[in-house]
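Fold and contact review
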Amino acid sequence: QVDLVESGGGLVQAGGSLSLSCAASGTLFRLNAAGWYRQAPGKQRELDASITSGDRTNYADSVKGRFTISRDNAKNTVYLQMNSLEPEDTAVYYCKITTYTWAEYWGQGTQVTVSS
């Protein structure tokens, strides 16, 4: 079993920045790939950014140049730095990790609200 704890959400004005963290803990697991997703009210959950075990990253077009995903393997933690936030970025943000045994785990979600 792997537990994920997200932190860093909150309220910010348009143009501001937030940094999200997702810390994974558990026994006998190794962090493989990870991703950050968002879910706005009434919408489906969608992928914003992903990172592979080799640190290859991929971003949705809507966040390219504004969001940066990174990881610290020693801490089993994945980060999402969000800059130039827009009201349209308002959503609950979830992290998902995949282990080397291909098990997937989701964080509990953290609210990000961007005011205009």
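Above this note sits the structure.
Description of the structure in this document. (Residues numbered from 1 in each chain as written. Predicted model: local features only at pLDDT ≥ 70, side-chain atom pairs only at ≥ 80, totals over all residues. Heavy atoms only, no water.)

**Regarding the overall build of the chain**
Helix and strand counts for the chain stand at zero helices and 11 strands. Ordered by position from the N terminus, the helices and strands of the chain form the series β-β-β-β-β-β-β-β-β-β-β. In summary, the chain has a C-alpha radius of gyration of 14 Å against a globular reference of 13 Å for 116 residues, a match within 12%. Buried residues in the chain amount to 41% of all 116 residues. Counted over contacts in the chain with a minimum sequence separation of 6, partners at least 24 positions apart contribute 53%. For the chain, the accessible surface area stands at approximately 6,300 Å², while carbon and sulfur atoms represent 48% of it. Averaged over its 10 positive side-chain charges, the chain has a centre that lies 4 Å from the centre of its 11 negative ones. (Helix = DSSP H or I, 4+ residues; strand = E, 2+ residues; numbered from the N terminus. Rg over C-alpha atoms; globule rule 2.2 N^0.38 Å. Buried < 20%, exposed > 50% of the residue type's maximum accessible area, 1.4 Å probe, protein only. Contact = heavy atoms within 4.5 Å. Areas by Shrake-Rupley, 256 points an atom, 1.4 Å probe, with all protein chains shown as cover. Lys, Arg positive; Asp, Glu negative; His and termini not counted. Charge placed at Lys NZ, Arg CZ, Asp CG, Glu CD.)

**A short note on the state of the cysteines**
In the structure shown here, the tally under the stated rule is one disulfide. The side chain of Cys22 participates in a disulfide bridge whose partner is Cys95; the two sulfur atoms lie 2.0 Å from each other. Residues Cys22 and Cys95 are joined by a disulfide whose S-S torsion is about 55°; by sign, that bridge is right-handed. One end of the pair, Cys22, is in strand β3 (residues 18-26); the other, Cys95, is in strand β9 (residues 91-99), with 73 residues separating them in the sequence. Using a relative accessible area of 1% as the deciding quantity, one classes Cys22 as buried. (Disulfide = S-S within 2.5 Å.)

**Observations concerning the pattern of salt bridges**
Counting across every chain of the model gives six salt bridges. Residue Asp48 pairs with Arg38 through a salt bridge whose shortest N-O separation is 2.9 Å. Taken as a pair, Asp48 in strand β5 (residues 46-51) and Arg38 in strand β4 (residues 31-39) lie far apart in primary sequence, 10 residues in all. Grouping residues by exposure puts Asp48 and Arg38 together as buried. Between Arg66 and Glu86 there is a salt bridge, with its nearest N and O atoms 4.0 Å apart. Separated by 20 residues along the polypeptide, Arg66 in the loop between β6 (57-59) and β7 (67-72) and Glu86 in the loop between β8 (77-82) and β9 bring together distant segments of the chain. In this structure, a network of salt bridges that share partners links the residues Arg38, Asp48, Arg66, Glu86 and Asp89. (Salt bridge = Lys/Arg side-chain N within 4 Å of Asp/Glu carboxyl O.)

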